[in-house]
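Report on the structure
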Amino acid sequence: MEIESKYQALTSILQEMKRVVVAFSGGVDSTFLLKTAVDTLGVDNVLAVTADSETYPTSEREEAKSLAALIGANHQIIQTSELAIPGYTENDKNRCYFCKNSLFDHLVPIMQQKKYQNIIYGVIADDVSEYRPGMRAAKEQGVRGPLQEANLFKEEIRQLSKEMGLPTWDKPSFACLSSRIAYGEKITQAKLTKVDKSEAFLKTLGLRQVRVRTHNDIARIEVEPQDMQKLLANHQRVTEKLQSYGYKFVTMDLVGYKSGSMNTTLSHVNRS
């Protein structure tokens, strides 16, 4: 299907929904979804809701506010706490299920109280082939993913975002800070803060796409292959800074950045 046809399919899906609450993180996908929803349904029929929590960097929250304002969308920020969700901090294979289920638990009352008719979120066609337990939570709660329904892939969303003039068209992929911590290792506020500070520092070096994967006291840094030399050129500064945040060992992953790389450790478990 041509990209233009997919976009038309997306607008048709949204028109059927009439009034929607958008789970809005400020990432590439949810920003494109919000913009398309506002353009299709009108500003009064769309509400963007951002969940501010321990796993959501402050910089992302501020960017989400700016993006919603740029689009002209109605925007509400709510306070949530993943660390308070039963089962979440144990960090097993269902972590993302617990997170998304709790998010939707917060969004359903907002939808009902403000008389919206659907909740939508930024799941995309790429996600079908990846381990995404949050999709199960969405299905259980009747939350829909119009981008996935329209079979839109990440690169197509970036292209359409660029055509719309959205600044997120080339924004690096983002995931919650908990995704940096190895499965089975308990999630704590201290670890989340350590990851957040480390990645913020690395970005000051001009590294575009960064992940600090955490394996107990080891920091496994993932950057895009073209940025590896830049990371190595600053190896002493990087090591000293990350050790000051609490890591004992600082390493670079020679494979480079890979979305969801922690999921490779789940190959031996049932992913249902």
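As recorded by an unreviewed UniProt entry, the chain carries the name ATP-dependent sacrificial sulfur transferase LarE and is attributed to Gracilibacillus dipsosauri.

**Let's talk about the UniProt feature "active site" (unreviewed entry) in the chain**
Feature annotation in UniProt assigns "active site" (unreviewed entry) to the following positions: Cys176. Relative to the helices and strands, cysteine 176 is located in the loop between α7 (154–164) and α8 (189–203). In this structure, cysteine 176 is in contact with Thr55 and Tyr88, ignoring residues within four places of it in sequence.

**Considerations on the side chain of asparagine 91**
On the secondary structure map, asparagine 91 appears in the loop between β3 (74–79) and α4 (95–113). Residue asparagine 91 is classed as buried on the basis of its relative accessible area of 0%. Asparagine 91 has contacts with Ile181, Ala182, Tyr183, Gly184, Glu185 and Ile187, leaving out every residue within four places of it along the chain.

**Some words on the domain arrangement of the chain**
Note on interface size: it is often stated as the accessible area lost on association of the parts. Looking at the assigned domains, one finds that the chain contains domain 1 (3–164) and domain 2 (177–270). At the junction of the two partners, domain 1 supplies 14 residues and domain 2 supplies 19 residues. Between domain 1 and domain 2, a total of about 1,400 Å² is buried, with carbon and sulfur atoms accounting for 48% of that surface. Ranking the residues of domain 1 by area buried against domain 2 places Asn91, Lys93 and Arg95 at the top, with a combined share of 36%. Linking domain 1 with domain 2 are nine residue pairs in polar contact (both at pLDDT 80 or more). Residue classes in the side of domain 1 that touches domain 2 are distributed as four nonpolar, three polar and seven charged.

**A short note on the sheet that holds strand β1 (residues 20–23)**
Taken in spatial order, the four strands line up as β3-β2-β1-β4 in an open sheet, and their pairing is parallel. Of all the strands in the sheet, just β3 and β4 (118–120) have a single pairing partner and so form its edges. Taken pair by pair, the neighbouring strands of this sheet meet at an average axis angle of 25°, ignoring direction. Bridging between strand β2 (residues 46–52) and β3 involves six bridges; their strand directions are parallel. Its bridge partner lying in β3, aspartate 52 is registered against glutamine 79. Helix-sheet contacts for helix α3 (residues 58–71) involve β2 and β3, and the interaxial angle to β3 is about 160°.

**Some words on the sheet that holds strand β6 (residues 218–223)**
Strands sit in the order β5-β6-β7 across an open sheet of three strands; the sheet is mixed. Single-partner strands in this sheet number two, and they are β5 (210–215) and β7 (249–252). Across the sheet, the mean angle separating the axes of adjacent strands is 25° when strand polarity is ignored. As defined by bridge partners, β6 adjoins β7 across four bridges and the pair is classed as parallel. Paired with isoleucine 218 across the two strands is phenylalanine 249, which belongs to β7. The strands touched by α8 within the sheet are β5 and β6, with β5 carrying the most contacts at an inclination of about 145°. Across the sheet, helix α10 (residues 235–244) is in contact with β5, β6 and β7; its angle to β7 comes to roughly 135°.

**Concerning the environment of glutamate 4**
Inspection of the secondary structure puts glutamate 4 in helix α1 (residues 3–17). Taking relative accessible area as the criterion, glutamate 4 reaches 52% and is therefore assigned exposed. In the structure, glutamate 4 is positioned 152 residues away from glutamate 156 in sequence and 9.8 Å away in space, judged by C-alpha atoms.

**Here we look at α8**
Its 15 residues place the ends of α8 21 Å apart at the C-alpha level, agreeing with the 21 Å of an ideal helix rising 1.5 Å per residue. Turning to α8, its buried residues are Lys191, Leu192, Lys194, Val195, Ser198, Glu199, Phe201 and Leu202. Tucked into the core, α8 has its buried residues touching β5, β6, α9 (228–233) and α10.

**As for the nonpolar core**
Residues Leu10, Val20, Phe32, Leu34, Val46, Leu147 and Leu152 are the most contacted members of the largest nonpolar core, which totals 32 residues. Put simply, the parts of the chain that give this core at least two residues each are α1, β1, α2 (28–41), β2, α3 and α7. Setting aside chain neighbours within four positions, we find phenylalanine 32 in contact with Tyr7, Leu10, Leu147, Leu152, Ile157, Leu160, Ser161, Met164 and Leu166. Ile85, Leu205, Val210 and Met252 belong to the second largest nonpolar core, which has 23 residues in total.

Parameters at a glance
- Residues numbered from 1 in each chain as written.
- Predicted model: local features only at pLDDT ≥ 70, side-chain atom pairs only at ≥ 80, totals over all residues.
- Heavy atoms only, no water.
- UniProt positions renumbered as here; feature names shortened; annotations may be inferred.
- Helix = DSSP H or I, 4+ residues; strand = E, 2+ residues; numbered from the N terminus.
- Contact = heavy atoms within 4.5 Å.
- Buried < 20%, exposed > 50% of the residue type's maximum accessible area, 1.4 Å probe, protein only.
- Domains from an automatic or database assignment.
- Buried area = accessible area lost by both parts, 1.4 Å probe.
- Polar contact = N/O pair within 3.5 Å; in protein donor to acceptor, adjacent residues only side chain to side chain.
- Nonpolar A, V, L, I, M, F, W, Y, C, P; charged D, E, K, R; others polar.
- Pairing = 2+ DSSP bridges.
- Axes fitted to C-alpha atoms, helices over the stretch in contact; angles between N-to-C directions.
- Expected span 1.5 Å × (residues − 1).
- Core = buried A, V, L, I, M, F, W, Y, C linked by side-chain atoms within 4.5 Å.

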